[in-house]
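Coordinates in review
One letter stands for each residue in the lines below.
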Amino acid sequence: MTCSEASDRGPPPGRAGRVAPMRGYWELTATAAGKTLARYVFLAELGGSLPRSVVNETAWKQPLGSIRGVRSATTSR
């Protein structure tokens, strides 16, 4: 995965919220039962004055949504 931290493109330091670093990756492991165990590892360091709703969205709601989306797209119907 390639990651870029282009903080110079955002607003000047102060009350602006910053997310740096932000990294993530997937680990896919075959199981003995012929299924796949998927693990999504995500790291984000939130800085600045951010509302609790933004912190919650970034910390766990978006990663959970990613895993649910992959499960939905790969589940046999």
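First, a word on what this report is: a plain description of the structure on this page. Keep in mind that what you see is a predicted model, and the values were worked out from it rather than measured.

About the cut-offs
- Residues numbered from 1 in each chain as written.
- Predicted model: local features only at pLDDT ≥ 70, side-chain atom pairs only at ≥ 80, totals over all residues.
- Heavy atoms only, no water.
- Helix = DSSP H or I, 4+ residues; strand = E, 2+ residues; numbered from the N terminus.
- Buried < 20%, exposed > 50% of the residue type's maximum accessible area, 1.4 Å probe, protein only.
- Contact = heavy atoms within 4.5 Å.
- Areas by Shrake-Rupley, 256 points an atom, 1.4 Å probe, with all protein chains shown as cover.
- Salt bridge = Lys/Arg side-chain N within 4 Å of Asp/Glu carboxyl O.
- Phe/Tyr/Trp six-rings, centres within 6.5 Å; stacked < 30°, edge-to-face > 60°.
- Expected span 1.5 Å × (residues − 1).
- Bend = angle between axes of the 7 residues up to and from the residue.

Comments concerning the overall build of the protein chain
Scanning the protein chain for helices and strands turns up 1 helix and 2 strands. Along the protein chain, helices and strands appear, N-terminal first, in the series β-β-α. Going through the 77 residues of the protein chain one by one, you find that 6% of them count as buried. Looking at the protein chain alone, contacts between residues at least 24 apart form 30% of all its contacts between residues at least 6 apart. Roughly 6,400 Å² of accessible area belongs to the protein chain as shown, and the carbon and sulfur atoms make up 53% of that amount.

Here we look at the pattern of salt bridges
A side chain with one charge can pair with a side chain of the opposite charge if their charged atoms come near. One pass over the structure, following the stated rule, counts 1 salt bridge. As a salt-bridge pair, Arg-39 and Glu-27 come within 3.7 Å of each other at their nearest N and O atoms. Linking Arg-39 in strand E2 (residues 36–47) with Glu-27 in strand E1 (residues 18–30), this pair joins segments that are 12 residues apart in sequence. The class for Glu-27 is partly exposed, based on a relative accessible area of 29%.

Some words on the packing of aromatic side chains
A complete count under the given rule lists 1 aromatic pair for this structure. Ring centres of Trp-26 and Tyr-40 lie 4.7 Å apart, and the angle between their planes is 35°; this geometry places the pair in the tilted category. A residue pair is termed long-range when its members are at least 10 positions apart, and Trp-26 in strand E1 and Tyr-40 in strand E2 qualify at 14 residues. On the basis of relative accessibility, which here comes to 37%, the residue Trp-26 falls in the partly exposed class. You can call Tyr-40 partly exposed: its relative accessible area is 24%.

Describing helix H1 (residues 52–74)
The first and last C-alpha atoms of H1 sit 32 Å apart over 23 residues, in line with the 33 Å expected at 1.5 Å per residue. Maximal helix bending in H1 amounts to about 45°, located at Thr-58.

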